[in-house]
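Per-entry structural report
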Amino acid sequence: MSKFSAKQNFPDYKSLHHKCMVGRHLTEEMYERLYPLRTVNGVSIDKCIQPSVDNTGRIIGLVAGDAESYEVFKELFDAVINEKHGGFGPNDKHPPPDLNASALVGGQFDPKYVKSCRIRTGRSLKGFCLPPSISRAERREVERIVVDALAGLTGDLAGIYYPLKKMTPEQEKQLIADHFLFQKPTGHLMVNSGAVRDWNDARGIWHNKEKTFLIWINEEDQVRVISMQNGGDLKATFERFSRGLTEIASLMKKHGHEFAWSERLGYICTCPSNLGTGLRCSVHLQLHKLSKHPKFDDIIVGLQLQKRGTGGEHTDAVDDVYDISNRARLKKSEREFVQLVIDGVNKLIDWEKQLEAGKNIDDQLPANCKA
């Protein structure tokens, strides 16, 4: 226990004009209650809030050092989760997983508009610290467990693991050309939480032969699963995603391991923003006409979607191609989020076609666009 009091150690959010969520919810009184607490792995509240101290921007500023952090420091985590996810109280529960791709309605888009499809999620291994607090030994064991499971994948899911530490120049060049390689992160969450410690020890990339199923190991989350393909078949992308994720979980279970899951919060990830499904379902969608509509940003929000540039967050759209995805991660199942994207993209394409034909679409737009 520190010889200094909670009052002496409380972060200074006011003088630096912090805009983070943590700064809005963490009072001196709350901090005093949480300050002496530790998880079973020794994680403190200071470890969880460190990103909020080192960055004054509009960020969440909170990470979990282990799965138990969400319970031990529940008072703060619940307040931040409730704000971030637009209402998720302490008695609310995330629905059970649903990876049934056959239950989707639609999802096969005209490639004239949808250029590619991508679905990703994050997963953590039960019983291990998360990246901000994980030890070198734990991280290496996570890598071993996941790589062993991946080695059991067969058919179109079979692939090869490329550890960053042992990668040849030729392999690195190819993975960069494929846009698969992740470099040492420089973002505030990874850096300020300590998740980039010991880079590049026990980090790596795995992909199948067709390069449509990809796994990142020990980046922001211990496991990041990605299914992707060119063209407009989002249903096939989700089918592969679901099948691969289920297979990996089954292969891990044979050796006594499983993904961290909470009855209330769903799948456990490092950042509270990814709780629940951790799923981001996205398409590259070309909208020459609709993107020029004065209410374009409002349209996206009204459909519960999110818009990014062609190259992802903080990039511009090239030739009016936007990355369109679900905005939320919590309160719906995986299948429900994919269906939400399908339904939203269908509307966007329909409105694009009407604008191409010289028609007015204003009376069809979401309610938030008519205020």
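Each value, and the rule that gives it
Residues numbered from 1 in each chain as written. Predicted model: local features only at pLDDT ≥ 70, side-chain atom pairs only at ≥ 80, totals over all residues. Heavy atoms only, no water. Buried < 20%, exposed > 50% of the residue type's maximum accessible area, 1.4 Å probe, protein only. Helix = DSSP H or I, 4+ residues; strand = E, 2+ residues; numbered from the N terminus. Pairing = 2+ DSSP bridges. Lys, Arg positive; Asp, Glu negative; His and termini not counted. Salt bridge = Lys/Arg side-chain N within 4 Å of Asp/Glu carboxyl O. Contact = heavy atoms within 4.5 Å. Phe/Tyr/Trp six-rings, centres within 6.5 Å; stacked < 30°, edge-to-face > 60°. Lys NZ or Arg CZ within 6 Å of the ring centre and 35° of its normal. Axes fitted to C-alpha atoms, helices over the stretch in contact; angles between N-to-C directions. Arc of directions from axis to C-beta.

For the rest of this paragraph, the subject is the pairing of strand 4 (residues 213–217). Most of strand 4 is tucked away: five of the five residues are buried. Residues of strand 4 alternate between two faces, with Phe-213, Ile-215 and Ile-217 on one and Leu-214 and Trp-216 on the opposite face, all of them buried. When strand 3 (residues 204–208) meets strand 4, the two strands line up antiparallel, connected through four bridges. Its bridge partner lying in strand 4, Ile-205 is registered against Trp-216. The loop that links strand 3 with its antiparallel partner strand 4 comprises four residues; one of these, Lys-211, has a positive phi angle of about 60°. Connecting strand 4 to the next strand, strand 5 (residues 223–230), in antiparallel fashion are five residues, including Asn-218 with a positive phi near 60°.

Moving on to the side chain of Arg-203. Examined against the element boundaries, Arg-203 turns out to sit in the loop between helix 9 (188–193) and strand 3. At 5.4 Å, Asp-198 is the nearest oppositely charged side chain to Arg-203, a buried residue that forms no salt bridge. Excluding anything up to four places from it in sequence, Arg-203 contacts Arg-139, Glu-143, Tyr-161, Pro-163, Leu-164, Phe-182, Ala-195, Val-196, Arg-197, Asp-198, Ile-217 and Asn-218.

Our focus in this paragraph is the packing of aromatic side chains. Using the criterion set out here, one finds eight aromatic pairs in the structure. Centroid distance Tyr-31 to Tyr-35: 5.3 Å. Interplanar angle 40°. Geometry classified as tilted. Ring centres 4.9 Å apart and planes at 65° place the aromatic pair Trp-261 and Tyr-267 in the edge-to-face group. The class for Trp-261 is partly exposed, based on a relative accessible area of 32%. Relative accessible area serves as the criterion here: at 15%, Tyr-267 is assigned to the buried category. Put simply, the rings of Phe-10, Tyr-13, Tyr-31 and Tyr-35 touch in pairs and so form one group of aromatic residues. One cation-aromatic arrangement involves Arg-123 over Phe-259; the distance from NZ or CZ to the ring centre is 6.0 Å. The ring centre of Tyr-267 lies 3.5 Å from the NZ or CZ of Arg-123, which sits over that ring.

Moving on, we come to the side chain of Ser-116. Here Ser-116 lies in strand 1 (residues 114–123). In contact with Ser-116, other than residues within four places in its own chain, are Gln-229, Asn-230, Gly-231, Ser-282, Val-283 and His-284.

This part takes up the sheet that holds strand 8 (residues 280–286). Taking strand neighbours across the sheet as the criterion, the eight strands line up as 2-3-4-5-1-8-10-9 in an open arrangement whose pairing is antiparallel. The sheet is open, and its two borders are formed by strand 2 (159–163) and strand 9 (305–308), each paired with just one other strand. Averaged over all pairs of adjacent strands, the angle between their axes in this sheet comes to 20°, without regard to strand direction. Pairing analysis gives five bridges linking strand 8 to strand 10 (residues 321–326), with the strands arranged antiparallel. Bridging from a neighbouring strand, His-284 pairs with Asp-323 of strand 10. The sheet strands contacting helix 12 (residues 334–356) are strand 1, strand 8, strand 9 and strand 10, and the helix crosses strand 8 at an angle near 15°.

Tallied over the entire structure, the rule returns 21 salt bridges. Between Glu-334 and Arg-123 there is a salt bridge; the shortest N-O distance is 3.9 Å. With Glu-334 in helix 12 and Arg-123 in strand 1, the pair connects residues that are 211 residues apart, well separated along the chain. Each member of the pair Glu-334 and Arg-123 is classed as buried. Between Arg-139 and Asp-198 there is a salt bridge, and its shortest N-O distance comes to 3.1 Å.

Let us look at helix 4 (residues 45–54). Of the positions making up helix 4, those classed as buried are Ile-45, Cys-48, Ile-49, Pro-51 and Ser-52. Along helix 4, the residues classed as buried sweep out an arc of 135° about the axis, all on the same side.

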